[in-house]
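# Report on the structure
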Amino acid sequence: MTEPLSARPSATPIRPSACPGLLRIVPALDGGICRIKLPGGVLSAEQAMVVASAAEGFASGVIEATNRGNLQIRGIGADHDGLIASLLDAGLGPSNPASDDVRNLMLSPTAGIDPQQLLDVRPLAGQILHSLEHHPRFHELSPKFALSLDGGEGLAMLEHPHDLWLSPLQVDGQTLLGFGFAGCPATDSPVAAVAPDAAHALVVAVLETFLNLARPEHARMRDLLKEVPVARFIEHVAARSPQRLVIDHKVTDWRRAPTRSFAHIGTYAQATAGIMAVGAGVPLGRLRPSMLREAARLAIAFGDGQLCMTPWQSLMLRNVPAGHSVTVMEGLSQAGLLVDAAQSLSKIVACTGSAACAKGLADTKADALHLAALLQENAISRAVHLSGCARSCAAAHVMPVTLLAASPGRYDLYFRHAEMSGFGDLHARDLTIEAVGALLTADSRSNTDD
Ligand code: SF4
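Note that the structure is a prediction, hence the values are computed from the model and not measured.

Cut-offs used in this document
- Residues numbered from 1 in each chain as written.
- Predicted model: local features only at pLDDT ≥ 70, side-chain atom pairs only at ≥ 80, totals over all residues.
- Heavy atoms only, no water.
- Helix = DSSP H or I, 4+ residues; strand = E, 2+ residues; numbered from the N terminus.
- Rg over C-alpha atoms; globule rule 2.2 N^0.38 Å.
- Buried < 20%, exposed > 50% of the residue type's maximum accessible area, 1.4 Å probe, protein only.
- Contact = heavy atoms within 4.5 Å.
- Areas by Shrake-Rupley, 256 points an atom, 1.4 Å probe, with all protein chains shown as cover.
- Lys, Arg positive; Asp, Glu negative; His and termini not counted.
- Charge placed at Lys NZ, Arg CZ, Asp CG, Glu CD.
- Pairing = 2+ DSSP bridges.
- Axes fitted to C-alpha atoms, helices over the stretch in contact; angles between N-to-C directions.
- Salt bridge = Lys/Arg side-chain N within 4 Å of Asp/Glu carboxyl O.
- Near = heavy atom within 4 Å.
- Nonpolar A, V, L, I, M, F, W, Y, C, P; charged D, E, K, R; others polar.
- Polar contact = N/O pair within 3.5 Å; in protein donor to acceptor, adjacent residues only side chain to side chain.
- 1 Å grid on protein atoms, 1.4 Å probe; cavity = no way out; pocket = protein on both sides within 12 Å on 5 of 7 lines; lining within 4 Å.
- Points joined across faces, edges and corners; volume = space filled by probe spheres on them.
- Domains from an automatic or database assignment.
- Buried area = accessible area lost by both parts, 1.4 Å probe.
- Expected span 1.5 Å × (residues − 1).
- Parallel < 35°, antiparallel > 145°, perpendicular 65-115°, else oblique.
- Left-handed = near helix turned anticlockwise from the far one by under 90°.

### A word on the overall build of the chain
Along the backbone of the chain there are eleven helices and 20 strands. Relative to the globule expectation of 22 Å for 450 residues, the C-alpha radius of gyration of the chain, 22 Å, shows essentially globular dimensions. With the C-alpha coordinates of the chain rotated into their principal frame, the extents come out at 60 × 55 × 50 Å. Looking at the chain residue by residue over its 450 residues, the buried ones come to 57%. Within the chain, contacts between residues separated by at least 24 positions form 64% of all contacts whose residues are at least 6 apart in sequence. Summed over all atoms, the accessible surface of the chain reaches about 18200 Å², with 53% contributed by carbon and sulfur. For the chain, the centre of its 36 positive side-chain charges and the centre of its 43 negative side-chain charges are spaced 3 Å apart.

### Here we look at the sheet that holds strand S15 (residues 314-321)
Within the open sheet, the five strands sit side by side as S3-S14-S15-S12-S11. Their pairing is antiparallel. Of all strands in the sheet, those bounded by a partner on one side alone are strand S3 (42-44) and strand S11 (266-269). Shown here is a sheet whose adjacent strand axes are inclined to one another by a mean of 30 degrees, direction ignored. Bridge count between S11 and strand S12 (residues 275-281): four bridges; the pairing is antiparallel. Within S12, the residue paired with alanine 269 across the bridge is methionine 276. Running at roughly 85 degrees to S3, helix H1 (residues 45-58) makes contact with S3 and strand S14 (306-309) of the sheet. Packed onto the sheet, helix H8 (residues 289-302) meets S14 and S15 and runs at close to 15 degrees relative to S15.

### Points about the pattern of salt bridges
Per the counting criterion, the structure on display carries 18 salt bridges. The salt bridge partner of lysine 250 is aspartate 172, with a shortest N-O separation of 2.9 Å. Here aspartate 172 lies in the loop between strand S8 (162-171) and strand S9 (174-183) and lysine 250 lies in helix H7 (residues 249-252), a separation of 78 residues in the sequence. A residue is classified by how much of its surface remains accessible, and lysine 250, at 39% relative accessible area, is partly exposed. Under the relative-accessibility criterion, aspartate 172 is labelled exposed at 65%. Each of the salt bridges in this network shares a partner with another, and the network as a whole consists of Asp30, Glu64, Arg74 and Arg286.

### Description of the site of the ligand
Residues in close proximity to the ligand include Cys351, Thr352, Cys357, Lys359, Gly360, Ser387, Gly388, Cys389, Arg391, Ser392 and Cys393, which together make up its full environment. A per-class count over the shell around the ligand returns four nonpolar, five polar and two charged.

### A look at the environment of glutamate 217
Summarising the element assignment, glutamate 217 is placed in the loop between helix H4 (199-213) and helix H5 (221-225). A polar contact is formed between the side chain of glutamate 217 and the side chain of arginine 215, at a distance of 2.7 Å.

### Examining empty space enclosed by the protein
By the definition in use, this model includes two cavities of 30 Å³ or more. Every residue lining the largest cavity is listed: Met106, Leu107, Ser108, Ser148, Leu149, Asp150, Glu153, Ala156, Met157, Leu158 and Pro185. Class assignment for the residues of the lining of the largest cavity results in seven nonpolar, two polar and two charged.

### Let's talk about the domain arrangement of the chain
Domain annotation of the chain identifies domain 1 (5-99), domain 2 (118-151 + 159-252), domain 3 (266-343) and domain 4 (346-446). Placing the centre of domain 3 and that of domain 4 at their C-alpha centroids yields a distance of 27 Å. Interface area lost by domain 3 to domain 4 is led by Leu284, Arg286 and Gln343, which between them contribute 64%. Inspection of the domain 3/domain 4 interface yields zero salt bridges. Our count for the domain 3 to domain 4 interface comes out at five residue pairs in polar contact (both at pLDDT 80 or more). Its residues assigned to classes, the side of domain 3 that touches domain 4 comprises four nonpolar, two polar and two charged.

### A short note on helix H3 (residues 122-134)
Each turn of an α-helix holds 3.6 residues, which means side chains three or four residues apart point in the same direction. Here H3 contains 13 residues, and its C-alpha end-to-end distance of 18 Å stays within 8% of the 18 Å for a straight helix at 1.5 Å per residue. Considered for burial, the residues of H3 that qualify are Leu124, Ala125, Ile128, Leu129, Ser131, Leu132 and Glu133. Its buried side turned inward, H3 meets strand S6 (105-106), strand S7 (147-149), S9 and H4.

### Considerations on the packing of H1 against H8
Following both chains from N to C, one finds H1 and H8 inclined at 165 degrees, their axes separated by 9 Å at the closest point. One element, H1, and the other, H8, form an angle in the roughly antiparallel class. Judged by the sense of rotation from one axis to the other, the crossing of H1 with H8 is left-handed. Of the residues in H8, those touching H1 at Ala45, Glu46, Ala48, Met49, Val51, Ala52, Ser53, Ala55 and Glu56 are Pro289, Leu292, Arg293, Ala296, Arg297 and Ile300. Looking at the contact of H1 with H8, its residues break down into ten nonpolar, one polar and four charged.

This is the structure:
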């Protein structure tokens with residue numbers, strides 16, 4: 001049943017945001033944008049069909065895969081209520097309308113089925129999401145406030161900064177969940193750890209402590225920690241929560257092992273022998289309704305009837321018998337998805353750009369397609385991010401190569417540098433896409449780093 005639209009939150013939020021939500025359609029140059037937050041990135045094949053139909057029926061047919069494992073419908077026309085009702089009817093809304101914005105918990109797409117995992121984090125994720133939805137105090141969090149929960153999977157996005165991140169480690173034969181603030185397990189060590197069965201209470205204590213100490217202008221944990229030292233924040237958390245925090249050098253010196261790059265594209269062996277996950281990149285993060293429908297059809301025919309959207313702006317079909325994985329890959333490829341990480345386009349991301357964003361200085365999507373074609377001619381595959389302005393909406397972390405728009409068709413080129421902030425080392429200014437293609441081709445032939 002459709003939840004009454006009058007149930008939409010109406011009170012002025014303490015930390016307002018211009019971000020789209022399912023119940024808050026925000027305008028852009030190409031029409032409205034609606035963001036559909038998916039628990040763990042998962043939606044059923046039937047829900048995917050509804051999203052495809054809603055994008056055609058109420059909007060221009062553009063569906064976006066976000067870098068938090070969610071979906072967006074763009075180009076929405078005047079009938080906002082019709083679109084929202086169709087999505088709510090499909091069960092794609094929050095169970096509590098006031099909580100739509102704060103359901104920001106990122107998981108691995110192979111959580112619970114990964115051969116390398118130390119923990120199946122799905123039950124804990126369910127507890128955390130339930131608290132985010134039903135603890136009224138948590139609705140004061142900014143829509144940008146986000147958590148990540150890593151189970152030690154071999155396929156995990158470790159580089160996206162989160163306000164609170166949790167990652168498992170083993171100490172003296174015991175598995176603990178380390179956690180940190182305003183960072184990520186790829187580059188930071190935990191500040192402390194707890195036993196897994198105490199992790200839900202820990203998360204609640206951290207969020208309550210944040211809300212108690214933060215002023216309305218503190219939207220993110222990093223804002224608060226500029227004024228409150230981490231050690232003092234931890235003291236407040238410890239005082240609120242019954243669980244024992246382990247603060248020991250075995251925890252605070254630990255660092256998460258990296259995962260294999262681009263393992264989200266192609267086949268990925270699950271923990272159960274003979275069962276695969278099959279991943280495919282969404283070209284420049286945009287799905288046509290036909291692509292989503294075909295992926296859904298394949299999930300019903302060969303998988304578990306679900307799709308999982310990933311933080312790499314890709315999708316994954318899970319629980320596919322190995323004997324069917326080639327058929328699924330072929331089907332996804334024929335639908336226009338990217339199943340080969342060596343394809344140049346599969347490593348390129350681009351923001352909305354000037355075609356649909358007023359802040360954009362260049363048509364990043366069109367330029368990205370042009371660049372991908374130039375690199376493909378030379379069999380070069382580089383991880384490149386094209387950004388229409390310095391806000392960097394398309395990439396939550398700094399990518400090896402960033403092209404920052406300077407004017408239509410022209411970009412400043414940066415190479416990531418571990419000791420430099422921002423996009424890294426400014427290598428050249430005001431390049432055409434042809435010049436970028438030539439430079440990256442020459443650079444790739446003299447340098448195998450990526
Ligand atoms: S990075 Fe800038 S141009 Fe690109 S979508 Fe974001 S605000 Fe718009």
